[in-house]
Amino acid sequence: MRQRRFPNRVYGQGTEPDPRFSLANERTFLAWIRTSLALLAAGVALEALQLPIREDLRAASAGIFIALGTLAPLTAWIGWMRTERSMRLERPIPAPSLAALLSVGVIVAALLVAVGMLL
């Protein structure tokens, strides 16, 4: 009897890769989840603490952090599935899909905080 695993669109294809690679893919997924939690915490902290930052810039920065923190788990899940499927089908590993957006978002949010502290 064949074992059913979720999601079938990943595990129902190809052959089982080396477990080390699957576990590394899972660790990458979990790292994105930790990053998401940190981004959410930064957004909440900006709103919860009385920091000497101009209010409109603080709110914009917090919004960016929270938006990125909300988007990260979804893209982490999609990235995990794409990578696992690629390994099972012996295809090249896909490029990260969130790295550029995350980098730009964090830079913009940090600049808003910096400018808000100077004004």
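Residues numbered from 1 in each chain as written. Predicted model: local features only at pLDDT ≥ 70, side-chain atom pairs only at ≥ 80, totals over all residues. Heavy atoms only, no water.

Considering the overall build of the chain
Logical step 1: Counting its secondary structure elements, the chain contains 4 helices and 0 strands.
Logical step 2: Scanning the chain from its N terminus toward the C terminus, one meets helices and strands in the order α-α-α-α.
Logical step 3: Against the 2.2 N^0.38 benchmark of 14 Å for 119 residues, the chain shows a C-alpha radius of gyration of 19 Å, more extended than a compact globule.
Logical step 4: Structurally, the chain occupies a C-alpha span of about 65 × 25 × 20 Å along its principal axes.
Logical step 5: For the chain, the share of sequence-separated contacts (at least 6 apart) that also reach a separation of at least 24 residues comes to 74%.
Logical step 6: Per element, the accessible surface of the chain, about 7800 Å² overall, is 67% carbon and sulfur.
Logical step 7: On the chain, the mean spot of the 13 positive side-chain charges and the mean spot of the 8 negative ones are 8 Å from each other. (Helix = DSSP H or I, 4+ residues; strand = E, 2+ residues; numbered from the N terminus. Rg over C-alpha atoms; globule rule 2.2 N^0.38 Å. Contact = heavy atoms within 4.5 Å. Areas by Shrake-Rupley, 256 points an atom, 1.4 Å probe, with all protein chains shown as cover. Lys, Arg positive; Asp, Glu negative; His and termini not counted. Charge placed at Lys NZ, Arg CZ, Asp CG, Glu CD.)

A look at helix α2 (residues 19-48)
Logical step 1: For α2, with 30 residues, the first-to-last C-alpha span of 43 Å sits near the 44 Å given by 1.5 Å per residue.
Logical step 2: Residues S22, N25, F29, S36, L39, G43 and L46 constitute the buried set of α2. (Expected span 1.5 Å × (residues − 1). Buried < 20%, exposed > 50% of the residue type's maximum accessible area, 1.4 Å probe, protein only.)

So, the packing of aromatic side chains
For any two aromatic rings, the description comes down to two numbers: the centre-to-centre distance and the angle of the planes.
Logical step 1: Applying the stated criterion to the full structure yields 4 aromatic pairs.
Logical step 2: Between F6 and W77, the ring centres sit 6.1 Å apart and the planes meet at 20°, which makes this aromatic pair stacked. Residue F6 is found in the segment before α1 (8-11), and its partner W77 is found in helix α3 (residues 55-88); the two are separated by 71 residues along the sequence.
Logical step 3: Its relative accessible area of 69% is what places F6 among the exposed residues.
Logical step 4: Residue class for W77 comes out partly exposed when judged on its relative accessible area of 29%.
Logical step 5: Both rings, one in F29 and one in W77, keep their centres 6.2 Å apart while their planes meet at 70°; by these two values the pair is edge-to-face. With a gap of 48 residues between them, F29 in helix α2 and W77 in helix α3 connect regions that are remote in the sequence.
Logical step 6: Of note, R5 hangs over the ring of Y11, and the distance from its end group to the ring centre comes to 3.9 Å. (Phe/Tyr/Trp six-rings, centres within 6.5 Å; stacked < 30°, edge-to-face > 60°. Lys NZ or Arg CZ within 6 Å of the ring centre and 35° of its normal.)

Re the side chain of E84
Logical step 1: Mapping E84 onto the fold places it in helix α3.
Logical step 2: Buried and unpaired, E84 has R88 as its nearest opposite-charge partner, separated by 4.6 Å.
Logical step 3: There is a polar contact of 3.2 Å between the side chain of E84 and the side chain of N25. (Salt bridge = Lys/Arg side-chain N within 4 Å of Asp/Glu carboxyl O. Polar contact = N/O pair within 3.5 Å; in protein donor to acceptor, adjacent residues only side chain to side chain.)

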